[in-house]
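Fold and geometry: a report
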Amino acid sequence: MFRPEQIRFEPDGQDTLAYAATVEQVSYVGDRYEVRLQSDKAAGLWLAYYPRRLSEGTEVTIYLPKHGIHRLDGD
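Residues numbered from 1 in each chain as written. Predicted model: local features only at pLDDT ≥ 70, side-chain atom pairs only at ≥ 80, totals over all residues. Heavy atoms only, no water.

1. So, the pattern of salt bridges
A side chain with one charge can pair with a side chain of the opposite charge if their charged atoms come near. Which entries qualify depends on this criterion: The working definition used for a salt bridge is a side-chain nitrogen of Lys or Arg within 4 Å of a carboxyl oxygen of Asp or Glu. Secondary structure is summarised from DSSP: a helix means a run of H or I of at least four residues, a strand means a run of E of at least two, and numbering begins at the N terminus for each. Each residue gets one of three labels from its accessible area relative to the maximum for its type: buried under 20%, exposed over 50%, partly exposed in between, using a 1.4 Å probe on protein chains only.
All chains considered together, the criterion is met by 4 salt bridges. With a shortest N-O distance of 3.6 Å, lysine 66 and aspartate 15 are connected by a salt bridge. Separated by 51 residues along the polypeptide, lysine 66 in the segment after β4 (59–65) and aspartate 15 in the segment before β1 (16–28) bring together distant segments of the chain. On the accessibility criterion, lysine 66 (41% relative accessible area) is partly exposed. The closest approach of N and O atoms between glutamate 34 and arginine 36, which form a salt bridge, is 3.9 Å. Since its relative accessible area comes to 21%, glutamate 34 is described here as partly exposed.

2. Here we look at the environment of aspartate 12
What counts is decided by this rule: A 3.5 Å cut-off defines polar contacts: any pair of N or O atoms within that distance qualifies, except that in protein one atom must be a possible hydrogen donor and the other a possible acceptor, and neighbouring residues in sequence count only when both atoms are side-chain atoms.
On the secondary structure map, aspartate 12 appears in the segment before β1. Separated by 51 residues in sequence, aspartate 12 and tyrosine 63 place their C-alpha atoms 8.4 Å apart. Within the local environment of aspartate 12, its side chain forms a polar contact with the backbone nitrogen of glutamine 14, the two atoms lying 3.2 Å apart.

3. A short note on the confidence of the model for the protein chain
When pLDDT drops low, the exact placement of atoms in the prediction is not to be read closely. Selection rule: A residue's pLDDT is the confidence the predictor assigns to it, expressed on a 0 to 100 scale.
When pLDDT is averaged along the protein chain, the result is 91, and 97% of the positions lie at 70 or above. Across the protein chain, strand β2 (residues 33–38) holds the top mean pLDDT of 97, while β4 sits lowest at 95.

4. Brief notes about the environment of arginine 3
Tracing the backbone through its elements, the reader meets arginine 3 in the segment before β1. Among the residues examined, arginine 3 registers a relative accessible area of 53% and is labelled exposed. Each C-alpha atom of the pair arginine 3 and valine 35 lies 13 Å from the other, and the pair is 32 residues apart in sequence. A polar contact is formed between the side chain of arginine 3 and the side chain of glutamate 5, at a distance of 2.5 Å.

If you want it as structure tokens, here you go:
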């Protein structure tokens, strides 16, 4: 689990994990776009923010700082 604002579309020098994803949906929400991403590493869509419109179907690489990823173990 991670917060959408932690997703980066360019590496920023932090200790990050990179994931390939495809843009599935884009919505304008005032000062930014909400982008829904599909990755083979997730069962559902991931939410991210982007300053410009991305086309649906665009393949991207996203970067998440390791310290921002929280794993929830379901026993």
